[in-house]
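Structural overview
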Amino acid sequence: MIASMPQALLKNFLGNAPYWYKYLILLFLVVNPVMHWLPGPWTPLAGWVLLAQFIFTLAMALKCYPLLPGGLLALQAVFLGMTTPEMVLYEVRHNLEVILLLMFMVAGIYFMKSLLLYAFTKILLGIRSKSLLSLIFCAAAALLSAFLDALTVTAVIISITVGFYSVYHRVASGKEYHQHSHDHGNDLSILEAQREDLVQFRGFLRSLLMHAAIGTALGGVCTLVGEPQNLLIAKEAGWDFTTFFLQMAPVTLPVLAAGLTTCLLLEKIKPLGRFFGYAGRLPGRVREILEEFDRDQSEKRSPREKVQLMVQAAVAVFLVIALAFHLAEVGLIGLAVIVLLTSLNGINEEHQIGKAFQESLPFTGLLVVFFTIVAVIHSQQMFQPFIELVLSRPLEQQPGMLFIANGLLSAISDNVFVATVYIGEIKAALLREDITREHFELLAVAINTGTNLPSVATPNGQAAFLFLLTSAIAPLVRLSYGRMVMMALPYTLVMGGMGYWAVTHWL
C-alpha cells in the first residue's frame, strides 16, 4: 500500500500525459528554485528559463492542456518572488477586454453555429478549386478581422471547421447525421474504408485553418479595432480609425497583397505546398457526404429552424455593425449576442447555455496564466536591454530595428505586452522631447506592424493563434505547435520581409 501511494500520485499528476512529460515538468519545478536562488549569473537567466519552459508546455499542447503545467510554473514563479500577485492583477486588468472577449464573444459565436455551418457549407461545396477556396478563406478572414477582431474571426473559423469535421466523422463511423451524441474525438469506430479519406480531410481542414489564421493577422494589423494592441497604440498616438488606417497603409497594404499571393502560390505550386503542409485536398467521398448532409438538412428544416437561421442572420448583422462602430467593448457585445440568440431562439436551460462556455473558459484560464508569465517578464525587466539597444541607435535606423525587435520578442512572448512596453518608451521619449512628433509616428507604425506581422511565426505570438492551438479543432485535425510553426513559416518570411522593407523604405 505504501509503495503504491507514490505511484498513484504520479499516475494522477497531469492525468494521462506521457510519463516522460510528467518527469520533465517535475524537473522544471525542481530546477527553477535552484536557478532563482543561486548567486551569480544564474539569477538573471531564471526568467528566460521559465519563459522557455512555458513555451515548451504550449508546444506540447496535444500531450497535456497547457493550463495545467503552465499554471504550475506560473504559481511557482509567484511563490519564488519572480513577480507579485499585484503585478499579475495589473496585467489581467490591462487585458480585461481580451478576457471578456474570450468569455462572451466565443460563447456567442457558439449560438450562431447553425448559420455559419449553413453558409460555409454552401461556399465549400460551391467552390471546387482548392486554390480559390483557400484564397477566399484567407481574404475573408482578413476583411472580417479588419472590422471585427482577430479572436472573434478565429472563433468563427473554428466553429465552422468543427462542424464540417463532426458531420463527416459521424458518417465515417457508420452513424446518421442527427446523432449528436457521437464522440468525434474517438477514431476507434471509423470504418476501415474511410480512414484514408479522414487523413486527407484532416490535411484539407488544417490548410484552410492556417490560411484563415494568417488572414486574421493580415487584416488585423490594418485597422484600429483589428488587434488589442492597435487600440493601445492609437490611443497613445491620438489617431482615430481613418488616421490609423492611413498611417499603417504604406506597410500593411503591400504586406496584405504579398500574403494573399503567398496563399495562392502555396496552393498552386504543389511541391512547395506539400513541403509546408498545404497539400491536403477534399476527398471525393467526403464531398459527397457533405453534399448529402446539406440536402438532408434543407429537406428536414422545419419552419422553426428557418426562423432560427433568420434570427441568427439578423444578430450577425447587429454583431458586425456593433463591432465596426465599436459601440461597446467586444466582450460586452458578445454578451449581448448571447442574450439575443438564446432569448429569441428558445434556449432557456442552464445546461444548454453552459455548453457554449466549454470552449472559451479553459483558454481564458490559460491566458491568465500567460499574463502571469508576462508579469515575470515585466518584473524582471527581461526586455529592457532590447529596448535600450534600439533607442540608442541613430534615428534613421530605429524604425527598422524596432520592427525586428518587436517581431522577435512578440514571437516568444506576447505581442500586446511588447507593444505596450515599446509604445510607452517612445511616448516617454516624445514627452522628454528626445524625438519629434513625426519620428514618434514612424516608430509607432514600426511597433504596430512589428508586433502584428512577424509574430505569426509561433502560436504564442498572437492570441488568435494560441486560441487555435488550444481549441477543440486542433487535436481533431492533428494541428500541433510544431506543425503550426512549419505551416506559418512561408508567411512569416514573406510578411516579415515585406514589412521590414516597407518600414525602412516606404515610410
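Since this is a predicted model, take the numbers as computed values, not measurements. (Residues numbered from 1 in each chain as written. Predicted model: local features only at pLDDT ≥ 70, side-chain atom pairs only at ≥ 80, totals over all residues. Heavy atoms only, no water.)

**Side note on the packing of aromatic side chains**
Scanning the model with the defined rule gives 13 aromatic pairs in all. Plain terms: the ring middles of Y110 and F111 are 5.4 Å apart, the flat faces sit at 85° to each other, and that makes the pair edge-to-face. Residue classification places F111 among the buried residues on the basis of a relative accessible area of 6%. Taking the centre distance of 5.4 Å and the plane angle of 70° together, the rings of Y168 and F201 count as edge-to-face. Of this pair, Y168 sits in helix α9 (residues 150-172) while F201 sits in helix α10 (residues 195-220); the two residues are 33 residues apart in sequence, bridging distant segments of the chain. Of the two residues examined, Y168 and F201, each falls in the buried class. A connected cluster of aromatic rings, assembled from ring pairs, spans W20, Y21, F28 and F56. Of note, K22 hangs over the ring of Y19, and the distance from its end group to the ring centre comes to 4.8 Å. (Phe/Tyr/Trp six-rings, centres within 6.5 Å; stacked < 30°, edge-to-face > 60°. Buried < 20%, exposed > 50% of the residue type's maximum accessible area, 1.4 Å probe, protein only. Helix = DSSP H or I, 4+ residues; strand = E, 2+ residues; numbered from the N terminus. Lys NZ or Arg CZ within 6 Å of the ring centre and 35° of its normal.)

**Let's talk about the side chain of T83**
Relative to the helices and strands, T83 is located in the loop between α4 (67-80) and α5 (85-94). Among the residues examined, T83 registers a relative accessible area of 3% and is labelled buried. In this structure the side chain of T83 is engaged in a polar contact, spanning 2.9 Å, whose partner is the side chain of S379. (Polar contact = N/O pair within 3.5 Å; in protein donor to acceptor, adjacent residues only side chain to side chain.)

**Quick look at the nonpolar core**
Counting residues in hydrophobic clusters, the biggest one holds 166 residues, and the most contacted among them are M112, W239, Y422, L468, I473 and M495. Top contributing element to this core by residue count: α9, with 15 residues. Sequence-distant contacts of W239, defined by excluding residues within four places in its chain, comprise L224, I233, A234, F244, Q247, M248, R437, E441, A444 and V445. (Core = buried A, V, L, I, M, F, W, Y, C linked by side-chain atoms within 4.5 Å. Contact = heavy atoms within 4.5 Å.)

**Regarding the pattern of salt bridges**
Summed over all chains, the structure comprises 9 salt bridges. Measuring nitrogen to oxygen at the nearest pair gives 3.2 Å for the salt bridge that ties E267 to K130. Residue E267 is found in helix α12 (residues 241-268), and its partner K130 is found in helix α8 (residues 130-147); the two are separated by 137 residues along the sequence. For E267, a relative accessible area of 0% puts it in the buried group. K130 gets classed as buried once you look at its relative accessible area, which sits at 8%. Where D434 meets R432, a salt bridge forms, and the shortest distance between an N and an O atom there is 2.8 Å. In this structure D434 comes out as partly exposed when scored by relative accessible area, which is 48%. In this structure R432 comes out as exposed when scored by relative accessible area, which is 52%. (Salt bridge = Lys/Arg side-chain N within 4 Å of Asp/Glu carboxyl O.)

Limitation: the analysis is restricted to geometry and does not speak to function.
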